[in-house]
Structures are given as C-alpha cells and as structure tokens.
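Survey of secondary and tertiary structure
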Amino acid sequence: MFSHIMIGTNDLEKAKSFYDALLATLGVPAAMVDGHRIFYRTPTGVFSVSKPIDGKPATFANGGTVGFACTSSEQADAWHAAGVANGGTTCEEPPGVRAGGMGKMYLAYLRDPDGNKLCALHRMA
C-alpha cells in the first residue's frame, strides 16, 4: 500500500545513529545520506528521516505511530533494546503480548530522539 514513510528530525546525525542501530535488528542496511535526508531501502518500501524543507523545527505526530514488522518476539525485543540503547525512550506498556480484534500480537513501543512514536510488531500464530 505504501511506497515510503518519511518523518522529521531536528538532528540528522543523531537520527541516523539511532535508526541505523534500530533497523539493523530487522536486517535493514545503514541509511544512505542525501543532503538533509536519510533513506533506508528494502524490497518492500522506503523509510526516510528528513530535516524539514521549510526550515521550521520538526515535530512529532500526536496520535501517529510508525510500525515495523518483526519476524519474532525476540526480534521485537532486540529492536526495542537497540532503540533504548541509542537514545530512544520506551513508551506505552512494556514489550509484550496484546490480544485484540486482530488476534495476538507482540508489541514493543519507543519514541525516537525527536519524539516520533514507533512500534515493533510481531503477529503471533
């Protein structure tokens, strides 16, 4: 459904360090830097972080979350640990199983150094 997702940052170097470590846990190669943006490319899409083009400060979306697919709960835990170790902060409930209308899922939530809300999600059988 999506070709790419782009979020804002106020510190591109800090964002690159954070996301390089975070996304490495999912097997995603380090970002390609293109001026004021960084790009993570996979066969299924692109995740990008950018300094705002209008020159104003980047802000996070209230109510917004960017979700990353994980192959296991262990991978989600590694993702969460890498995020916290590299400047992210845990948010929501601790990583764990949640059951709802979409079945059982293992979820881990973080906020990146700019405050963007992120989620690692593993759909359980």
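Residues numbered from 1 in each chain as written. Predicted model: local features only at pLDDT ≥ 70, side-chain atom pairs only at ≥ 80, totals over all residues. Heavy atoms only, no water.

1. Points about the packing of helix α1 (residues 12-24) against helix α2 (residues 73-85)
Our working definition: Here the axes come from fitting lines to C-alpha atoms, over the contacting stretch only for helices, and the angles between their N-to-C directions go from 0 to 180 degrees. Each helix corresponds to a stretch of at least 4 residues labelled H or I by DSSP, and each strand to a stretch of at least 2 residues labelled E; elements are numbered beginning at the N terminus. Comment on the angle field: the value is read as roughly parallel under 35 degrees, roughly antiparallel over 145, roughly perpendicular from 65 to 115, and oblique elsewhere. Should the near helix be turned counterclockwise from the far one by less than a right angle, the crossing is left-handed, whereas a clockwise turn marks it as right-handed. Contacts are residue-level and defined by heavy atoms, with any inter-residue pair within 4.5 Å sufficient. Gly is placed with the polar residues, together with every amino acid not listed as nonpolar (Ala, Val, Leu, Ile, Met, Phe, Trp, Tyr, Cys and Pro) or charged (Asp, Glu, Lys and Arg).
One can describe the packing of α1 onto α2 by two numbers: an axis separation of 8 Å at closest approach and a directional angle of 160°. Looking at the two axes, α1 sits roughly antiparallel to α2. In the crossing of α1 with α2, the sense of the turn from one axis to the other is right-handed. The segment α1 lies against α2, with F18, A21 and L22 engaging W79, A82 and G83. A class-by-class count of the residues in the contact of α1 with α2 yields 5 nonpolar, 1 polar and no charged.

2. Side note on the sheet that holds strand β3 (residues 37-42)
So the rule is basically this: In this scheme, strands are said to pair when DSSP sees at least two bridges between them.
Taking strand neighbours across the sheet as the criterion, the 4 strands line up as β1-β4-β3-β2 in an open arrangement whose pairing is mixed. Either end of the sheet is taken by a strand with one partner, and the two such strands are β1 (4-8) and β2 (32-34). Within this sheet the neighbouring strands show an average axis-to-axis angle of 20°, counted without direction. Where β3 meets strand β4 (residues 45-50), 6 bridges bridge the pair, whose relative direction is antiparallel. Along β4, the bridge assignment pairs F39 with S48. Against the sheet, α1 makes contact with β1, β2, β3 and β4, and its axis sits at roughly 15° relative to β3, the strand it touches most.

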